[in-house]
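# A structural walkthrough
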Amino acid sequence: CQQCTPDLCAKPVAAAPAPKAAPPAPAKRAAPARAAPEKMLPQEINFSADALFDFDKAVLKPEGKAMLDELARTLQGAKYEVIIATGHADRFGTVAYNQKLSERRADAVKNYLASKEIPLNMISATGKGKSQPVTKPGECKGPKSPKVIACLQPDRRVDVEVTGTK
């Protein structure tokens, strides 16, 4: 019986360290929680100006508002440092006109995001006019026409860059 008693005593002693080993398991669970904030937010989102605005306009369309609503939902609970809205225009129009149009479009996006409880001081807006086209030189040849306007659509856009983590 003495041989059995040490075995019985050894089992409770052996069982006692097992619960002590359990607390490191939550510590392992905490490590992924620390890794989760490191997940980067989408760094740059390109919104077609034609989806956000009517041609040659800077007033957001309902579809554009819906797209920006989705972005605002993505940003909820995120830790972001800055949001930059950059407007772009196609080659039609003067440099000065397209610069102002791209700035008005970027401002419209900035103001809409601010209306969705994104702090205004975290959002900047800038316009690049027609200085950074997506289309290549020689593409979209010809005078202003529905076909050429459609071809130049990628140049009309608002890029939204977000720096931060979720």
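Now for a look at the structure at hand. Fair warning: this is a prediction, and the values are worked out from it, not measured in the lab. (Residues numbered from 1 in each chain as written. Predicted model: local features only at pLDDT ≥ 70, side-chain atom pairs only at ≥ 80, totals over all residues. Heavy atoms only, no water.)

### Quick notes on helix 6 (residues 95-115)
- Counted at 1.5 Å a residue, the expected span for helix 6 with its 21 residues is 30 Å, and the 30 Å between its end C-alpha atoms agrees.
- Buried-residue contacts for helix 6 involve helix 4 (49-52), helix 5 (62-75), strand 2 (79-88), strand 3 (123-127) and strand 4 (157-165).
- At the C-terminal side of helix 6, Glu117 shows a positive phi close to 70°. (Helix = DSSP H or I, 4+ residues; strand = E, 2+ residues; numbered from the N terminus. Expected span 1.5 Å × (residues − 1). Contact = heavy atoms within 4.5 Å.)

### Observations concerning the environment of Lys141
- Position of Lys141 among the secondary structure elements: in the loop between strand 3 and helix 7 (146-151).
- With 11 residues separating them in the primary sequence, Lys141 and Leu152 have C-alpha atoms 9.7 Å apart.
- Sequence-distant contacts of Lys141, that is, excluding residues within four places in its chain, are made with Arg91 and Val148.

### Some remarks on helix 5
- Here helix 5 spans 20 Å end to end across 14 residues, near enough to the 20 Å set by a 1.5 Å rise per residue.
- For helix 5, the full list of buried residues reads Gly64, Leu68, Leu71, Ala72 and Leu75. Each buried residue of helix 5 lies within a common arc of 100° when the element is viewed along its axis, so the set occupies one face.
- If you follow the buried residues of helix 5, they end up packed against strand 1 (44-48), helix 4, strand 2, helix 6 and strand 4.
- In the stretch just after helix 5, Gly77 is the one whose phi turns positive, near 80°. (Buried < 20%, exposed > 50% of the residue type's maximum accessible area, 1.4 Å probe, protein only. Arc of directions from axis to C-beta.)

Geometric descriptors of this kind do not, in isolation, establish any biological role.
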